[in-house]
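So you can see what is in the structure, the chains are spelled out below.
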Amino acid sequence: MKEDNIVHKLFYEETKATNLFLWLFYIFYIAFELIYYYLFPNLYRDGGISKYKEGLGIWYYFFIFGLFPLAIYYFKKGNPYIIKYLYIYTFIVIDTVHNLIIYLGTDKQFAAGSIVEVVFILFSPIFVNKKYYWTVSLGMVLKYGLIGFIIHDVQVVAPMIIYMILSAIALIILIRFKSYLHSLTKAHEELRRKEKLAVIGQMAAAIAHEIRNPLSSLKGFTQLQQERYPNTNDFYPIMIQEIDRINSIVEDLMTLGKPKEIKFSKASIEEIIAYTLSITQQEAERQGVSVETTMTGPLPPLDCDSKQLKQVFINLIKNAIESMSEGGKVKVNVKVLDGTKMNISIQDEGSGIDEESIPNLGEPFFTTKADGTGLGLMVSNQIIQDHQGKITIKSSLGKGTTVNVMLPISQIYRKN
């Protein structure tokens, strides 16, 4: 649904931009032709020879205006993206042929051009498409270069320089457009994410409060029954395990509903990882998973909330273990990058995640696990962001997943 909305918006924006382009193209083209060649013929060389009597003659206009029905056809076919390329390629080809017919084999001084060439270049950033921008810019410059080379006339250098300057201006505009759109998109996504978190937080606080009390009673009753009748029912351990899993989900909900205050202090990453591995060791052994840790030292202390970081690494290592139902190896690698950042890499040999799902990881209730909620990774991502860090995920189906947690190192510990 999200991808469909994006595609629809892109199609709508492309359609609007193409419509505006067509209006400007024909308005400027008709105005220029009328004024330059017909209303003021004395401005044209040799006392005013009309354009339709030279080069391609009336066929020049036939090709230009013949593009309009094609544009309508592609609009109706739902493919407005091709129209801008259709116009630039057609214009370059027919204008090149037209000028070669006029000047090739004659001693006439080269004097050609059209205002629509400027429209092509200066309007290209509106499509926010670098491929189209380079097609227009290089196409216009190379067109005059080719004409000058064939007719051996250096007069083409002037329009080439002018169009290079205009192309540079258009490139600056294009870069600004892309930067502005990127900022807007990022701000919009962040706003949507915060809106989701706000709604989920309100819902989570109410649900978690209602669930936690009866859940504690249920677990206590189950443990009591197991102690009284230890050999009568093999399902008590499973029941307790499932209650613990529900309690873990409730804790995630509580974290969403009432985010914990971060208490920064100096902490050792070695101790945090060691604690995490001690917590997850039993589950790893049950799954037949071995954990290999590599610390590339010396490792400076982190300015962080160690309890929250422990929660993050427990979530990530548990995810890695759970992805290997038939056993395997988890590699935990810790090293300092550029003396300014610490990278903690957690690599598994599990089933992996498809590329389409990776951008959605960390979204509320999005998960690739059959019994997951997606809240654990979302909470982990929020904690790392609160620590001015970043989580990146790389994965291949059938090959495993690598999660990199990047955390900043306090300035006083950075290398000069």
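Structural data are supplied above this passage.
A brief structural summary.

### Here's the deal with the sheet that holds strand β4 (residues 328-337)
Reading across the sheet, the five strands line up as β2-β4-β5-β7-β6 and stay open at both edges, with mixed pairing between neighbours. The two strands at the open ends of the sheet, each matched to only one other strand, are β2 (289-295) and β6 (390-396). Within the sheet, the average angular offset between the axes of one strand and its neighbour, ignoring direction, is 15°. Two strands pair when backbone bridges link them, and β6 and strand β7 (residues 400-408) are joined in this way by seven bridges, in the antiparallel orientation. By the bridge assignment, K394 is partnered in β7 with T402. Strands β2, β4 and β5 (341-347) of the sheet are contacted by helix α9 (residues 269-287), whose axis makes an angle of about 165° with β2. Set on the sheet, helix α10 (residues 306-322) makes contact with β2, β4, β5 and β7; between it and β5 the angle comes to about 30°.

### Re unusual backbone geometry
A positive phi angle, close to 50°, is found at V128, a residue other than glycine. Tracing the backbone shows V128 in the loop between α5 (115-123) and α6 (130-151). Even without being a glycine, H152 presents a positive backbone phi close to 60°. Of note, H152 is situated in the loop between α6 and α7 (157-228). A relative accessible area of 71% places H152 in the exposed class.

### Quick notes on the packing of α5 against α6
Remark: α5 packs on α6, axes separated minimally by 8 Å, with the N-to-C direction vectors making an angle of 150°. Two packed elements cross with a definite hand, and for α5 against α6 that hand is left-handed. Residue-level inspection shows E117, F120 and I121 of α5 in contact with α6, the latter providing Y132, V136, M140, K143 and Y144.

### Brief notes about α10
Helical periodicity: at 3.6 residues per turn, an α-helix aligns residues three or four positions apart in one direction. Across its 17 residues, α10 extends 24 Å between first and last C-alpha, which sits within 8% of the 24 Å expected from 1.5 Å per residue. Turning to α10, its buried residues number three or more, namely Q308, L309, Q311, V312, F313, I314, N315, L316, I317, A320 and I321. For α10, the N-terminal capping position is held by D305, with its side-chain oxygen 3.1 Å away from the main-chain nitrogen of K307.

### What to know about the packing of aromatic side chains
Using the criterion set out here, one finds 28 aromatic pairs in the structure. Ring plane angle 70° and centroid distance 6.0 Å describe the contact between Y29 and F65, whose orientation is recorded as edge-to-face. Linking Y29 in helix α1 (residues 2-39) with F65 in helix α3 (residues 58-76), this pair joins segments that are 36 residues apart in sequence. On the basis of relative accessibility, which here comes to 1%, the residue Y29 falls in the buried class. Between Y144 and Y163, the ring centres sit 5.7 Å apart and the planes meet at 45°, which makes this aromatic pair tilted. Highlighted residues: Y144 in helix α6 and Y163 in helix α7, separated in sequence by 19 residues. Residues Y144 and Y163 agree in their burial class; the two are buried.

Rules of the game
- Residues numbered from 1 in each chain as written.
- Predicted model: local features only at pLDDT ≥ 70, side-chain atom pairs only at ≥ 80, totals over all residues.
- Heavy atoms only, no water.
- Pairing = 2+ DSSP bridges.
- Helix = DSSP H or I, 4+ residues; strand = E, 2+ residues; numbered from the N terminus.
- Axes fitted to C-alpha atoms, helices over the stretch in contact; angles between N-to-C directions.
- Contact = heavy atoms within 4.5 Å.
- Buried < 20%, exposed > 50% of the residue type's maximum accessible area, 1.4 Å probe, protein only.
- Left-handed = near helix turned anticlockwise from the far one by under 90°.
- Expected span 1.5 Å × (residues − 1).
- Polar contact = N/O pair within 3.5 Å; in protein donor to acceptor, adjacent residues only side chain to side chain.
- Phe/Tyr/Trp six-rings, centres within 6.5 Å; stacked < 30°, edge-to-face > 60°.

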